[in-house]
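Architecture and fold: a report
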Amino acid sequence: MKIVRIFVTAFLLFIVVAAKADEGMWLPQLLSKLNEDRMKSLGMKISAKDIYDINSGSLKDAIVSFGGFCTGSVISSTGLILTNHHCGFGAIQNHSTLQNNYIRDGFWAKTYSEEIANKGLFATFIKRIDDVSNLILKGVTANMSEAERQSVIDKNIAEVRKNAIKKPTEENFIRGFFEANQYYLFTTETFNDVRLVGAPPSAIGNFGKDTDNWVWPRHTGDFSLFRIYANKENMPANYSPENVPYKAPKPVTISLKGIKENDFTMVYGFPGRTNEYLYSDAVRQIVELSDPVKINIRTSALQVIDGFMRKDELIKIQYAAKYANIANAWKKWQGEVLGLTKTNAVNKKLLYETEFQKRVNANTGLKEKYGSILNDLKTAYNEIEPYSLARDYYGEIINRIELLSLSANLNTLITSYTKDGVQGYEKRLPIVLDYLNKFYKEYNSTVDKKLFEVVMPYYINQQSDFVFDSISHEFLLNDKSAENLASKYYKSMIIDSAATLNLLKQNAVEVITTLQSDVALKLFTGIQSKYQTNVQEKLNPIQAKINVLQRTYMQAQMEVMKDKTFYPDANSTLRLTYGKVKGYYPRDGVYYQYSTWLDGVMEKYKPGDYEFDVPEKLRDLYAKKDYGIYGVNGKMPVCFIATNHTTGGNSGSPVFDAYGRLIGLNFDRVWEGTMSDINYDASICRNIQVDIRYVLFIIDKFAGAKNIIKELNLVKK
Ligand code: ARG
Ligand code: GLU
């Protein structure tokens, strides 16, 4: 077997002038080549090797992908992980009951034995990253069909993964970068026993809730604590009471020194998805169609859920996580539309494309290769427009109406049975049961029926050619009353957890027959099959064409626009971004300072309010200015902003200072800058982090969790 080595050659093809603006989510193993000088000129005191190294310890060894959807960092030698409250929220909610309400009251384990296991939650370390572009693209030629190309690549990927050297506890995956013009191999190690250690009450961890979400100035202590457990050999192991706290080789050092404007910062984590190199029409469609449609449907859905949550404590627990998720993207899209509109993002793209075309036309070689790319993109995006809009509707309908998501899941039993008989059914059953157990715990059919009533009309009224005929027909027969329509479908047995779970104890044939005749499943399969024939079958080939064009366009941009900085779009792989602590001008005449204080929490305080209540203990500490070693000059810092380029998935990412010491915990972006996924603008794009001193103050002074403080490595200067 051959060791897969780092071959930078493929990358050299694409090397561009070192970063000017501090936009970008950079690959850690390329920092020394591409970014180190710039980082040092911004004030960094450590080297790129201190951030990423595979031979000796580096900051990388403390970074984990938290459950695949957030980031965390290891902050003690006994495996303590720091992440956001909203990242740990699923776990916090899961263990909450009306009696032990950890959402409302917080949770602090005083000993290891009080720490709570979480089924399905994992933490993944990145052991090394290798450029395998040459190996993966071997045998790919320019005149291959897309299918041929993909099959060569798939074969190469399987081969490279198989031959890559790794330890028995390690795994690997390969991901495409720059629209699959480059490929990297990630060697990982995943721990599957991750336990809840601590969380502040929501009134701190999610202070300001949805009103303050995506907004600066912010006053949220958005953190929670978990711990990695390993077997006696300190290796990954499934949950077992025998497991012990993971002995971490390189936990982060925490700085109590604090920050000031223009200080160097970096954020290390797993940004999920960005689209920085889109064609102008793609951006226009997001601004004019896709975002608005999703926003409208969600506005209605959120009103329904919110109404119930405010009235009923149990519904509030059941729907808290769902509500937060739906609302989070809903609000972000609104900020995105505003930002893209205000900064004329589409026009900026058009100007860029004009320049691109001019340069291409001026060079025969380029003209031959890329002369028609923009036109081809235009045609393809025009073609896809109605179908991608229909995809947005479909996604929202199926996911917002829980009866339909539930039907979709149960329907997989039917499809597995149809495909692979009883065997297929039996393989599928435990997965469905898992889903159902979680689903019903958080389900209320009265809430859901109302959701159906407000959401379904969007689908029926606005989607003429793509609507399942019988549902539009029935709608008309019911005098367009969604309520009447709902009454029929909420007679389905599947809204009843006991009945459904009982049914699934019967034999496969009986289950399948019953499910097939259920009204809700019939509705779902009707909507689905209409979608498959009228939307998906048209959409998929156009989407495939766009993927190829986007890949070529990406390559072309890097070849033609030499003066522009290129970094790969986020794809849930480990990245580092850097910048400075900095305020900004959100609009004319207004400047936002870079940090907030506990005084601001008290300014926002509304006794008994759903979003802005403040726990009594915190008010007491404020009144006495009892900030311990964490305050400065009688004030307690809470959050700060910086110019780091982050996105969803960066939640929970550690924020480091010039010396690589932990100074904050990333959790959000500012309203004016949420468009940075598509159009980063250095003047208004800021990430938001909790000041680490506030985190420590809450653990120490508010919760009295000295056991946790004792684990940490704190430095004062
Ligand atoms: N907007 C942040 C993110 O995208 C924070 C979300 C959690 N906070 C909230 N109030 N829902 O995840
Ligand atoms: N809150 C986001 C998350 O969950 C991070 C903020 C952002 O999107 O930048 O990852």
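In what follows, the structure referred to is the one given above.
I will try to describe carefully the structure that is included in this document. Predicted, not measured: the structure shown is a model, and the values here were computed from it. (Residues numbered from 1 in each chain as written. Chains lettered and ligands numbered in written order. Predicted model: local features only at pLDDT ≥ 70, side-chain atom pairs only at ≥ 80, totals over all residues. Heavy atoms only, no water.)

Some points on the state of the cysteines
Tallied over the entire structure, the rule returns one disulfide. The disulfide bridge from cysteine 70 ends at cysteine 87, spanning 2.2 Å between sulfur atoms. Where cysteine 70 bonds to cysteine 87 through sulfur, the torsion about that S-S bond is close to -75°, and the disulfide is left-handed. Placement of the pair is cysteine 70 in strand β2 (residues 70–74) and cysteine 87 in helix α5 (residues 85–94), with a sequence separation of 17 residues. For the pair cysteine 70 and cysteine 87, one class covers both residues: buried. This cysteine, cysteine 639, is not joined by any disulfide, and cysteine 87 carries the nearest cysteine sulfur, 14 Å off. Looking at the unpaired cysteine 685, the closest cysteine sulfur is the one in cysteine 639, lying at 18 Å. With a relative accessible area of 2%, cysteine 685 lands in the buried category. (Disulfide = S-S within 2.5 Å. Helix = DSSP H or I, 4+ residues; strand = E, 2+ residues; numbered from the N terminus. Buried < 20%, exposed > 50% of the residue type's maximum accessible area, 1.4 Å probe, protein only.)

Considerations on the environment of threonine 78
Here threonine 78 shows up in the loop between β2 and β3 (80–83). Taking C-alpha positions, threonine 78 is 8.7 Å from proline 251, a pair spaced 173 residues apart along the chain. The residues touching threonine 78, leaving out its near neighbours within four places in the chain, are Tyr112, Arg227, Pro245, Tyr246 and Glu711. (Contact = heavy atoms within 4.5 Å.)

Observations concerning the pairing of strand β15 (residues 584–587)
Note that β15 and strand β16 (residues 590–592) share two bridges and pair antiparallel. The residue bridging tyrosine 584 from the neighbouring strand is tyrosine 592, located in β16. Taking the residues between adjacent antiparallel strands as the criterion, β15 and β16 are bridged by two residues, where glycine 589 takes a positive phi near 85°. (Pairing = 2+ DSSP bridges.)

Let's talk about unusual backbone geometry
The peptide bond linking tryptophan 216 to proline 217 adopts the cis configuration, its omega dihedral lying at -5°. One can find proline 217 in the loop between α10 (209–212) and β10 (224–230). Its identity is not glycine, yet alanine 180 carries a phi of approximately 65°, on the positive side. Along the chain, the position of alanine 180 falls in the loop between β7 (170–177) and β8 (182–191). One non-glycine residue, asparagine 262, lies in positive phi territory at about 75°.

Considerations on the pattern of salt bridges
Applying the stated criterion across every chain yields a total of 43 salt bridges. One salt bridge in this structure joins glutamate 36 and lysine 40, with 3.4 Å as the shortest N-O distance. Placement of the pair is glutamate 36 and lysine 40 together in helix α3 (residues 36–41), with a separation of four residues, close to one helical turn. Here the salt bridges share partners, and the residues they tie into one network are Asp281, Arg284, Glu288, Lys378 and Glu385. (Salt bridge = Lys/Arg side-chain N within 4 Å of Asp/Glu carboxyl O.)

Quick word on the nonpolar core
Counting 221 residues, the largest nonpolar core has Met266 and Tyr694 as its most contacted members. With 16 residues, the single largest contributor to this core is helix α22 (residues 519–560). (Core = buried A, V, L, I, M, F, W, Y, C linked by side-chain atoms within 4.5 Å.)

Remarks on the site of ligand 1
Every residue near ligand 1 is listed here: His86, Asn206, Lys209, Asp210, Asn213, Trp214, Asn328, Ser651, Phe667 and Asp668. Here histidine 86 contributes a side-chain N or O atom positioned 3.1 Å from an oxygen atom of ligand 1. One of the backbone nitrogen or oxygen atoms of lysine 209 is found 3.2 Å away from a nitrogen atom of ligand 1. About the coverage of ligand 1: the protein hides 91% of its 340 Å² of free accessible area. Of all the secondary structure elements, the ones that give two or more residues to the shell around ligand 1 are α10 and β20 (662–669). Considered class by class, the residues forming the shell around ligand 1 number two nonpolar, five polar and three charged. (Near = heavy atom within 4 Å. Polar contact = N/O pair within 3.5 Å; in protein donor to acceptor, adjacent residues only side chain to side chain. Areas by Shrake-Rupley, 256 points an atom, 1.4 Å probe, with all protein chains shown as cover. Nonpolar A, V, L, I, M, F, W, Y, C, P; charged D, E, K, R; others polar.)

Concerning the site of ligand 2
Ligand 2 sits among His86, Trp214, Thr646, Thr647, Gly648, Gly649, Asn650, Ser651, Phe667, Asp668 and Arg669. A distance of 2.4 Å separates an oxygen atom of ligand 2 from a polar atom in the side chain of serine 651. For ligand 2, a nitrogen atom lies 2.8 Å from a polar atom in the backbone of phenylalanine 667. About the coverage of ligand 2: the protein hides 92% of its 290 Å² of free accessible area. Top contributing element to the shell around ligand 2 by residue count: β20, with three residues. Among the residues forming the shell around ligand 2, the class breakdown is two nonpolar, seven polar and two charged.

So, the pairing of strand β21 (residues 687–691)
Counting buried residues in β21 gives five out of five residues, a clear majority hidden from the surface. Bridge analysis of β20 against β21 gives five bridges, and the strand direction is antiparallel. By the bridge assignment for β21, arginine 669 is matched with asparagine 687.

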